[in-house]
There are 2 protein chains.
Amino acid sequence: MPQYIDTQDADFETKLSALLSAKREDSPDVDDIVAGIIADVRARGDAAVLDLTAKFDRMDITADQLRFSSAEIDALIAQVSSEDRAALELAAERIRAYHVRQMPHDEQWTDPEGATLGWRWTPVSAAGLYVPGGLATYPSSVLMNAIPAKVAGVPRLAITVPTPDGAANPLVMLAARISGVDEIYRIGGAQAIAALAYGTQSIAPVDKITGPGNAFVAAAKRRVFGKVGIDMIAGPSEILVIADGDNDPDWIAIDLLSQAEHDESTQSILLTDDPAFARAVAASVDKFLQTLERRDIARKAWEDNGVIITVRDLDEAAVVSDRFAPEHLELCVADPDALSAKITHAGAIFLGAWTPEAIGDYIGGPNHVLPTARSARFSSGLSVLDFLKRTTLAKMTPQALAAIGPAAETLARAESLEAHGLSVRARLDRLNGDPDE
Amino acid sequence: MPQYIDTQDADFETKLSALLSAKREDSPDVDDIVAGIIADVRARGDAAVLDLTAKFDRMDITADQLRFSSAEIDALIAQVSSEDRAALELAAERIRAYHVRQMPHDEQWTDPEGATLGWRWTPVSAAGLYVPGGLATYPSSVLMNAIPAKVAGVPRLAITVPTPDGAANPLVMLAARISGVDEIYRIGGAQAIAALAYGTQSIAPVDKITGPGNAFVAAAKRRVFGKVGIDMIAGPSEILVIADGDNDPDWIAIDLLSQAEHDESTQSILLTDDPAFARAVAASVDKFLQTLERRDIARKAWEDNGVIITVRDLDEAAVVSDRFAPEHLELCVADPDALSAKITHAGAIFLGAWTPEAIGDYIGGPNHVLPTARSARFSSGLSVLDFLKRTTLAKMTPQALAAIGPAAETLARAESLEAHGLSVRARLDRLNGDPDE
């Protein structure tokens, strides 16, 4: 049974705090194993990657088979139905259109002192995208990671995707092709992350690694961080729906379940100001749980982590929602824009009952890689910015240096950094025609 | 003696690779100690912080003395000379003017299908800034961290600064006051990071922690990452100067030394196309090393880590510089803008001989918190973006859902996520007047 809470409960704050600090995921401690794998790949390169791929994916291949050939990719893509292809292409087009608007601008200006200042953005030279294999192979994730990289202008984008027992997903190949991915390697696990970060004889290293993965992949990403950039380490996913009583309970129930069906550690939360509606949604959830294909997973997630909170009014709902800082937030209320304005922390907001969260997973345009586990308090979803870096620019004229240089000398002296001050003074002396110069 | 390399050397690539992979800093493994400190602060709150402050900073204080009072801050600030105050205020003004321009814009638009899409930026609710105490207390770092936070609109900004034996730096207090810092706590080390991340009875938790610190602070930041956001973990600093033969060797020598004087693990690199100029700079460095206040530190840094590379021409200098992806890059050449256009990786570029790097440390306007150890390949200096997070927005109309919803259903089916598809289908059925609805 999901947890029922009312903000009027005497122990509401206690219950909410317990919910917020609950850990929904057991991360197995695989760090030692991962450290060994990374060291092995660094030491032996391709040979280590091949050994580990034989061991974990039961794939007996040679170094020149690590990368999918164009012909292999073509053959796989040919298996995709025209309906699936059209859907993937529409999704790609919409995701691209959204992310193009995110591109930041370079700036340069000259201030009154004559100093020219600014910055410029450049893409990383090479990025690697980890794509999980096996059951949870999501072509939509390929689009969501690869398209922002290519919009950012990353010249070289490599994918690693394990193919246990040789099974490759045609839709993943098509998503990679549509996104403009340059290289696809049939490897996975910590060995794939190590190969991307450090390179091997067959795989050139990258500067940034993104994409979801299991505990081994997450631990490997943490370990190579610093050597390369990484995106966030995602935790279990969550949805919070704020709904008033004027909703179809079935719509809200299936929205909650669309999160719950992902895996057993996901969390679905309903906030409503209508207790009768809350009961109707719960009943509808139970109804769907009779027939849903992934009902075992969804039921476990709902019973272990589901929460229904009755609030006094929508203002209170906004306050409670901010405590969760949800990854996905649906606002199924009469005036979703007004309620949205009261929300401070959320990864993505879906406004109005006609915007189910699943639209955001696939086709809306915004990215579906979003901050989980309350990290929307301080971080954002994946964007083109993850594949860009900013270089600041400063150019003084002699006059500008004369205007602001003495203050720099003063501060250098205050911080006891003499050479800092002298580097300014040497120039100012020239300007003043100092006879020592 | 610094290392001398010529790109024409037969073993140039070997030497360069060795340089790039060299670790200039021994990070002592303090992780176990830090884990214990964090657990203690989480368990005992103020009491743990007070015990640790007594132990490490020899400060016997009570919980209500953890925070500097306004009167204490006023008294310290009163000790600052008017010259120092004016310099700090000019620096603050220029840093603020630069960072205001970094503020990203919210966007919202409606696409041809009728979907309203966009995003909005909001500041983190509370940020904490670590300021080192003791010898390396830099008021300029307070400005560089605090001003972007306040420009971003962070409503609550707390500083922790240890005051070993009670010694507080008046300039740090003034920098905090000028920047608009809201709370200042006289604590440091891993216990300060733990208090900021988890809160104590006297210190409310924050959502983001930035600022430099020693090995204990760095390890603590790594550990609390996830619970809160953190900025980068900075490594030893470096400067790379590309200079042609038409420069005053003294200017370039003192610029190299302004990096070397920071600490013994810093690196100063000169790239020049003029071997005679290279020798002149080296001689000038030796001359300055006779008299510089911090000559022992600077000499050790220069002898251990200094590098002089002779290149064939400036184009080759740009290529070699990109391999280093330097934190600070000075372009002391006739046409610095043209050379800058050839650079891909650098934290900050200083254009022309009239722009010594020290200007960027204090007063230029751009941030001096920059990516070190080649991480400019994938990351950027501190900016207002570090204190903001982006929430994506999506709002469908019934017509928009009808236009793009079926593709989402197709993709959900392809990924075997039935409830995802049903959440779209339930709405489309209503639209189609499905009799089951």
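Look up: the structure comes first, before these words.
Keep in mind it's a predicted model, so treat the numbers as computed, not measured. (Residues numbered from 1 in each chain as written. Chains lettered and ligands numbered in written order. Predicted model: local features only at pLDDT ≥ 70, side-chain atom pairs only at ≥ 80, totals over all residues. Heavy atoms only, no water.)

Participant: What is the right way to look at the sheet that holds strand S10 (residues 267–272) of chain B in this model?
Facilitator: Strand pairs in the sheet, formed through backbone hydrogen bonds, run parallel or antiparallel to each other. The nine strands lie next to each other as S2(A)-S3(A)-S14(A)-S13(B)-S12(B)-S9(B)-S10(B)-S11(B)-S1(B), forming an open sheet whose pairing is mixed. Of all strands in the sheet, those with a lone pairing partner are strand S2 (107–110) of chain A together with strand S1 (3–6) of chain B, marking the two edges. Neighbour-to-neighbour, the strand axes of the sheet open up by a mean angle of 15°, direction not taken into account. Sheet analysis places strand S14 (residues 388–395) of chain A next to strand S13 (residues 348–351) of chain B, joined by three bridges and oriented parallel. Of the residues in S13(B), the one forming a bridge with A:Ala394 is B:Phe350. On top of the sheet, helix H13 (residues 314–324) of chain B reaches strand S9 (238–243), S10, strand S11 (307–310) and strand S12 (328–332) of chain B; it is set at about 175° to S9(B), its chief contact. (Pairing = 2+ DSSP bridges. Helix = DSSP H or I, 4+ residues; strand = E, 2+ residues; numbered from the N terminus. Axes fitted to C-alpha atoms, helices over the stretch in contact; angles between N-to-C directions. Contact = heavy atoms within 4.5 Å.)

Participant: Sorry if this is basic, but what is going on with the environment of A:Ala280 here?
Facilitator: All names here are of chain A. Secondary-structure assignment places Ala-280 in helix H11 (residues 275–291). The class for Ala-280 is partly exposed, based on a relative accessible area of 28%. It is 5.9 Å that separates the C-alpha atoms of Ala-280 and Pro-249, two residues lying 31 residues apart in sequence. (Buried < 20%, exposed > 50% of the residue type's maximum accessible area, 1.4 Å probe, protein only.)

Participant: Quick question: what am I supposed to make of the packing of helix H5 (residues 82–100) of chain A against helix H6 (residues 139–152) of chain A here?
Facilitator: Each pair of packed helices can be described by the angle between their axes along with the distance between the axes. All names here are of chain A. Closest axis-to-axis distance for the H5/H6 pair is 9 Å, and the angle between their directions is 35°. Judged by the sense of rotation from one axis to the other, the crossing of H5 with H6 is right-handed. Contacts from Leu-88, Ala-91, Ala-92, Ile-95, Arg-96, His-99 and Val-100 in H5 reach Pro-139, Leu-143, Met-144, Ile-147, Pro-148 and Val-151 in H6. The class makeup of the residues in the contact of H5 with H6 is eleven nonpolar, one polar and one charged. (Left-handed = near helix turned anticlockwise from the far one by under 90°. Nonpolar A, V, L, I, M, F, W, Y, C, P; charged D, E, K, R; others polar.)

Participant: Would you mind going over the relation of the copies chain B and chain A with me for this structure?
Facilitator: You can overlay chain B on chain A at an RMSD of 0.0 Å; the transform is a turn of 180° with a shift of 0.0 Å along its axis. Look at the turn and shift together and you get a two-fold axis relating the two. The rotation axis passes nearest to the C-alpha of B:Pro104 in chain B, at a distance of 4.1 Å. Same-surface contact between copies: 100% of interface residues of chain B are shared with the interface of chain A. (Least-squares fit on C-alpha atoms with pLDDT ≥ 70 in both.)

Participant: Got a minute to help me understand the pattern of salt bridges in this structure?
Facilitator: What the rule picks out here adds up to 54 salt bridges over all chains. A salt bridge links B:Arg94 to A:Glu113, with the shortest nitrogen-to-oxygen separation between them at 3.2 Å. One end of the pair, B:Arg94, is in helix H5 (residues 82–100); the other, A:Glu113, is in the loop between S2 and strand S3 (116–123), on a second chain. Taking relative accessible area as the criterion, A:Glu113 reaches 33% and is therefore assigned partly exposed. A:Lys342 is the salt-bridge partner of A:Asp315, the closest N and O atoms lying 2.7 Å from each other. (Salt bridge = Lys/Arg side-chain N within 4 Å of Asp/Glu carboxyl O.)

Participant: What am I meant to see in the interface of chain B and chain A here?
Facilitator: Many structure descriptions define interface size as the accessible area lost when the parts assemble. Listed per partner, the contact involves 115 residues of chain B and 115 residues of chain A. At the boundary of chain B and chain A, one finds 14 salt bridges. For B:Arg94, the salt bridge is made with A:Asp111, and the minimal N-O distance between the two is 2.8 Å. Linking chain B with chain A are 68 residue pairs in polar contact (both at pLDDT 80 or more), by the criterion used here. Take the side of chain B that touches chain A: its biggest share by element is eleven residues, from helix H16 (residues 398–414) of chain B. Of the residues in the side of chain B that touches chain A, the class split is 58 nonpolar, 28 polar and 29 charged. (Polar contact = N/O pair within 3.5 Å; in protein donor to acceptor, adjacent residues only side chain to side chain.)

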